Amino acid sequence: MTEIDDRLRDYYQSLQLNTTDMQDIVQSGQEQSRMGGIFSARRLGGSTWVAAALLLLSISVGIHEYGTHSERTYRTLNEAAINHSTRLQLEFEGRTIVEIDQLMLQLPFKVQLPTAFNKQYKVLGARYCTINGELAAHVKFLDRETDKQISLFMTRSVDDLQQINATSEQVDGVNVSLWNESGLFYAMASRFPDIP
Amino acid sequence: LLLQDKFSPAQGLVIIVFSRSSKQSVEMLIQAGYRYAYALQNDSGEAQGLVHDAWLRASQSIGRAPDKALLFRCVRNIHIDQYRRSRNVRFSSVDDFGRDAGDQTGAFDVEEVPDAQLQSALATLRETEREVLFLSIVEGYTAGEIAELTGSKRGTVLSLIHRARLKLRNIITEDNVTPFVSTAGRIKHD
């Protein structure tokens, strides 16, 4: 089968984005990036290229730090808080977590509640989202006592997420808890302090 | 001149080499993401849009250029999202793979197969089959790494790669050789 492999390799290697499309993507990514202005080849031209090169140098140092525990934790806390606050439309309606699990067919894991979850919460619905680049479930609940909404995020406990220690922090007014349990990574977010 | 004013020649050389290599590595990463998107979509326009969206999402989530693993995860997740919205294309699970790929060997040179024919042969494969072939053969991912990315079992991935490879070869063979002989010794006449 080597000849098939070689032919496939040649075929895919011949597929290339043209320069204009590549520039568009790089520039768009650059605008999205909070660091900004780092990856654009255009900005490296002319008299500013030395400054751009220095920025790249500093980014290279930063890349070594990328993936550290604190950064991963911070990033994940932020993702959970933003996902909770943006109030995106729920795509799946179900009265129980079992129904939600049956509806979210694309998830590579079973949707299940963590052990410490408060049973008085009513399921509102769910949608797909991503946590740390992993496909995740975002399930919303209503606390019948306080009439406030709670978000529970879950995804597979991949290596990056396994390294996050259980923690609870407040991010932009949202209380977020992170923890690993039974092969899943959980994040819970709410606007009020008594997260279970 | 600017370099000579502020840095030693050695420092300047390091900066030049680094800035070029960083730009190249970002472009190589995007090209790899584009090929992966192409393997999933089998359409250049769709693949371009997919890698564009994935690059934005990945850059936004970490605030800088992502690594390949993150970019590929974003490509895959956005592809699934798009499928979910359109609901007109079947994104089959790795575990759903069919069992119709018997080994059939034809006497012709695969290297001579034109791109257009290979592309149409790939189009007949399922997305999941194209995906594992691409990740395994082109990107050099191990079965374990593919299993991690796709959320499947390693054994399933190994089996799928084997079957997808046979299926692709059979499709190409059928287009090029008549008759052809299977490993079971049967001769098929059109």
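Side note on unusual backbone geometry
Then, in step 1: Although it is not a glycine, A:N132 sits at a positive phi angle of roughly 55 degrees.
Then, in step 2: With respect to the helices and strands, A:N132 occurs in the loop between β1 (121-131) and β2 (134-143).
Then, in step 3: The class for A:N132 is buried, based on a relative accessible area of 4%.
Then, in step 4: Positive phi outside glycine occurs at B:N42, with the angle close to 55 degrees.
Then, in step 5: We classify B:N42 as buried; its relative accessible area is 13%.

Here's the deal with the pairing of strand β6 (residues 184-190) of chain A
Residues in a regular strand project their side chains so that they alternate between the two faces of the sheet.
Residues and elements named next belong to chain A.
Then, in step 1: Most of β6 is tucked away: 7 of the 7 residues are buried.
Then, in step 2: Looking at chain direction, strand β5 (residues 174-181) and β6 are connected through 7 bridges and run antiparallel. Paired with S177 across the two strands is M188, which belongs to β6.
Then, in step 3: In sequence, β5 turns back onto β6 through a hairpin of 2 residues, with S182 there showing a positive phi of about 50 degrees.

Examining the sheet that holds strand β3 (residues 148-156) of chain A
Residue and element names in this part refer to chain A.
Then, in step 1: One open sheet holds the 6 strands; their spatial order is β1-β2-β3-β6-β5-β4, and the pairing between them is antiparallel. One side of each edge strand has no neighbouring strand; the edge strands of this open sheet are β1 and β4 (167-171). The mean angle between the axes of side-by-side strands here comes to 20 degrees, regardless of whether they run parallel or antiparallel.
Then, in step 2: Bridging between β2 and β3 involves 7 bridges; their strand directions are antiparallel. Its bridge partner lying in β3, H138 is registered against F153.

Comments concerning the pairing of β1(A)
Residues and elements named next belong to chain A.
Then, in step 1: Counting buried positions along β1 gives 9 out of 11 residues, so the element sits mostly inside the fold.
Then, in step 2: Examined bridge by bridge, β1 and β2 share 10 bridges and lie antiparallel to one another. For G125, the partnering residue across the bridge sits in β2 and is K140.
Then, in step 3: The hairpin turn running from β1 into β2, its antiparallel successor, is 2 residues long, and N132 in that turn takes a positive phi close to 55 degrees.

Comments concerning helix α6 (residues 127-138) of chain B
Counting along an α-helix, one turn takes 3.6 residues, and residues three or four places apart therefore face a common direction.
Residue and element names in this part refer to chain B.
Then, in step 1: End to end, α6 covers 15 Å across 12 residues, agreeing with the expected 16 Å (1.5 Å per residue, within 8%).
Then, in step 2: Where burial is concerned, most of α6 is hidden: 12 out of the 12 residues are buried.
Then, in step 3: Looking at α6, one finds that the buried residues are E127, T128, E129, R130, E131, V132, L133, F134, L135, S136, I137 and V138.
Then, in step 4: G140 sits one or two residues past α6 and shows a positive phi near 75 degrees.

Focus: the environment of B:L29
All names here are of chain B.
Then, in step 1: Assignment of secondary structure puts L29 in helix α2 (residues 9-41).
Then, in step 2: The exposure class assigned to L29 is buried, which follows from its relative accessible area of 12%.
Then, in step 3: Residues L29 and F72, spaced 43 residues apart in sequence, show a C-alpha to C-alpha distance of 9.8 Å.
Then, in step 4: Excluding its chain neighbours within four sequence positions, the residues that come into contact with L29 are W55, P66, D67, K68 and L71.

Cut-offs applied
- Residues numbered from 1 in each chain as written.
- Chains lettered and ligands numbered in written order.
- Predicted model: local features only at pLDDT ≥ 70, side-chain atom pairs only at ≥ 80, totals over all residues.
- Heavy atoms only, no water.
- Helix = DSSP H or I, 4+ residues; strand = E, 2+ residues; numbered from the N terminus.
- Buried < 20%, exposed > 50% of the residue type's maximum accessible area, 1.4 Å probe, protein only.
- Pairing = 2+ DSSP bridges.
- Axes fitted to C-alpha atoms, helices over the stretch in contact; angles between N-to-C directions.
- Expected span 1.5 Å × (residues − 1).
- Contact = heavy atoms within 4.5 Å.

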